Amino acid sequence: MVVRNPLLDNRQIVSKIVTEFYRLPGVAHVESAITTNTIMIVYDNRRVSKKKIEDIFLKWGCNKLDISYSWLN
């Protein structure tokens, strides 16, 4: 999953979000790109719900998320 939001240019917010995702069982990898305001999350959708992901972003003030999905082989 790749998530875009204008607030993802703030290193402090991104750091907090990445830390929270790594605490979730089922999250394999999280990567951020400040220059493009994106975070990529590789996770098991049987263990982590879309709502849980959205809740973490909302907690840090990131609403109106632009979410795209891509399968990794």
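So, here's what we can say about the structure. (Residues numbered from 1 in each chain as written. Predicted model: local features only at pLDDT ≥ 70, side-chain atom pairs only at ≥ 80, totals over all residues. Heavy atoms only, no water.)

1. Here we look at the packing of aromatic side chains
The tally for this structure, following the rule as stated, stands at 1 aromatic pair. Judged by centre distance (5.5 Å) and plane angle (50°), the ring pair of Phe21 and Phe57 falls under tilted. Taken together, the residues Phe21 in helix α1 (residues 11-23) and Phe57 in helix α2 (residues 50-59) connect sequence positions 36 residues apart. As far as the burial class goes, Phe21 and Phe57 line up, both buried. (Phe/Tyr/Trp six-rings, centres within 6.5 Å; stacked < 30°, edge-to-face > 60°. Helix = DSSP H or I, 4+ residues; strand = E, 2+ residues; numbered from the N terminus. Buried < 20%, exposed > 50% of the residue type's maximum accessible area, 1.4 Å probe, protein only.)

2. Section: α1
Spanning 13 residues, α1 covers 19 Å between terminal C-alpha atoms, matching the ideal 18 Å at 1.5 Å per step. Of all the residues in α1, the buried ones are Ile13, Val14, Ile17, Val18, Glu20 and Phe21. Looking down the long axis of α1, one finds its buried residues gathered within 160° of arc, a one-sided arrangement. When the buried face of α1 is taken as reference, the exposed residues oriented beyond 90 degrees from it are Arg11, Gln12 and Arg23. The inward-facing, buried residues of α1 contact β2 (27-33), β3 (38-43) and α2. N-cap assignment for α1: the residue whose side-chain oxygen lies 2.9 Å from the backbone N of Gln12 is Asn10. (Expected span 1.5 Å × (residues − 1). Arc of directions from axis to C-beta. Contact = heavy atoms within 4.5 Å. Polar contact = N/O pair within 3.5 Å; in protein donor to acceptor, adjacent residues only side chain to side chain.)

3. What about the nonpolar core?
Within the largest apolar cluster, 18 residues are counted, with the highest numbers of intra-cluster contacts made by Ile17, Phe21, Ile39, Ile41 and Phe57. Every element with two or more residues in this core is listed here: α1, β2, β3 and α2. Filtering out sequence-adjacent residues up to four positions away, Ile39 remains in contact with Met1, Val2, Val3, Leu8, Val14, Ile17, Val30, Glu31, Ser32 and Phe57. (Core = buried A, V, L, I, M, F, W, Y, C linked by side-chain atoms within 4.5 Å.)

4. What to know about α2
Taken together, the buried positions of α2 are occupied by Ile53, Ile56 and Phe57. The buried residues of α2 occupy an angular sector of 95° when the element is viewed end-on, so they sit on one face. Of the exposed residues in α2, those oriented more than 90 degrees away from the buried face are Lys51 and Lys59. In the core, the buried residues of α2 are packed alongside β1 (2-4), α1 and β3.

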